[in-house]
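In case you want the letters, here they are:
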Amino acid sequence: HLVLYYLINSNEFQDMAKQLHSRSLTVTFHAPFMDLSPGSIDPAIRALTRHRFEQMLELLPVFKPKSVLCHPDYDRNLKQMLLCRSLNKADYRY
């Protein structure tokens, strides 16, 4: 999703949105989450997180999504650990 932000100009976003809406497709957004933490104690990480969220918010008027899914502080390692624990895998290494 956010990768598109760097690869596509605003006219292309407008065209994409028109195509989706012309086909009566429901648009939803998944907010950026990797390597972001709005509650970080590091001000630089908080600033980058805010910047990424602002970039996503700029696209809302263009795409008019029905909803935006946000789950800040995503931690891939924590997710993997919990999955392994739930499956009783003793071989997971932190």
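Residues numbered from 1 in each chain as written. Predicted model: local features only at pLDDT ≥ 70, side-chain atom pairs only at ≥ 80, totals over all residues. Heavy atoms only, no water.

1. Observations regarding the overall build of the protein chain
Our working definition: Segments assigned H or I by DSSP are reported as helices when at least four residues long, segments assigned E as strands when at least two residues long, and all are numbered from the N terminus. When accessible area is computed with a 1.4 Å probe and restricted to protein chains, residues below 20% of their type maximum are described as buried, those above 50% as exposed, and intermediate ones as partly exposed. Under the convention used here, a 1.4 Å probe and the Shrake-Rupley method define accessible areas, while residue burial counts only the protein chains that appear.
A count of helical and extended segments in the protein chain gives five helices and two strands. For the protein chain, the sequential pattern of α-helices and β-strands runs α-α-β-α-α-β-α. Counting every position in the protein chain, which comprises 94 residues, the buried fraction comes to 22%. With the model as given, the accessible surface of the protein chain reaches about 7300 Å², and the carbon-plus-sulfur share is 56%.

2. Section: the packing of aromatic side chains
The relative placement of two aromatic rings is captured by the distance of their centres and the angle of their planes. Our working definition: The rule is short: rings of Phe, Tyr and Trp, with Trp giving its six-membered ring, pair when the centres are within 6.5 Å, and they are stacked under 30 degrees, edge-to-face over 60, tilted in between.
Evaluated as defined, the whole model comprises two aromatic pairs. For the pair F13 and F63, a centre-to-centre distance of 5.9 Å together with 80° between the ring planes defines the contact as edge-to-face. Of this pair, F13 sits in helix α2 (residues 10-22) while F63 is found in helix α4 (residues 60-63), placing the two residues 50 residues apart along the sequence. The burial state of F13 is the same as that of F63; both residues are buried.

3. Re α2
Condition: A helix is expected to span 1.5 Å multiplied by its residue count minus one.
Over its 13 residues, α2 runs 18 Å from end to end, which matches the ideal 18 Å to within 8%, given 1.5 Å per residue. Following α2 by one or two positions, S24 has its phi on the positive side, about 55°.

4. Let's talk about helix α3 (residues 43-58)
Put simply, the rule is: Note that the arc is defined by the directions from the helix axis to the C-beta atoms. Side-chain atoms alone can form a polar contact between residues adjacent in sequence; in general such a contact is a pair of N or O atoms within 3.5 Å, and within protein one must be able to donate a hydrogen while the other accepts it.
Taking 1.5 Å of rise per residue, the 16 residues of α3 would be expected to cover 22 Å, and the 22 Å separating its terminal C-alpha atoms lies within 8% of that figure. Residues of α3 that are buried include every one of T49, R52, Q55 and M56, and no others. For α3, the buried positions fall inside an angular range of 120° around the axis, keeping them on one side. Seen from the open side of α3, the exposed residues pointing more than 90 degrees away from its buried face are P43 and R50. Its side-chain oxygen placed 2.8 Å from the backbone nitrogen of A44, D42 serves as the N-cap of α3.

5. Quick look at unusual backbone geometry
With phi around 55°, S24 is a residue other than glycine that occupies positive phi space. Residue placement: S24 occurs in the loop between α2 and β1 (28-30). Even without being a glycine, K64 presents a positive backbone phi close to 50°. Of note, K64 is situated in the loop between α4 and β2 (67-69). A relative accessible area of 60% means that K64 is categorised as exposed.

6. Thoughts on the confidence of the model for the protein chain
As a general rule, the predicted coordinates of low-pLDDT regions are not to be interpreted in detail. Note the following rule: Per-residue confidence from the prediction method is given by pLDDT, with values spanning 0 to 100.
Taken residue by residue, the protein chain gives an average pLDDT of 79. The fraction at 70 or more is 72%. For the protein chain, the element scoring lowest by mean pLDDT is helix α1 (residues 2-7), at 54; α4 scores highest, at 92.

7. What to know about the environment of D42
Note that D42 resides in the loop between β1 and α3. Residue class for D42 comes out partly exposed when judged on its relative accessible area of 32%.

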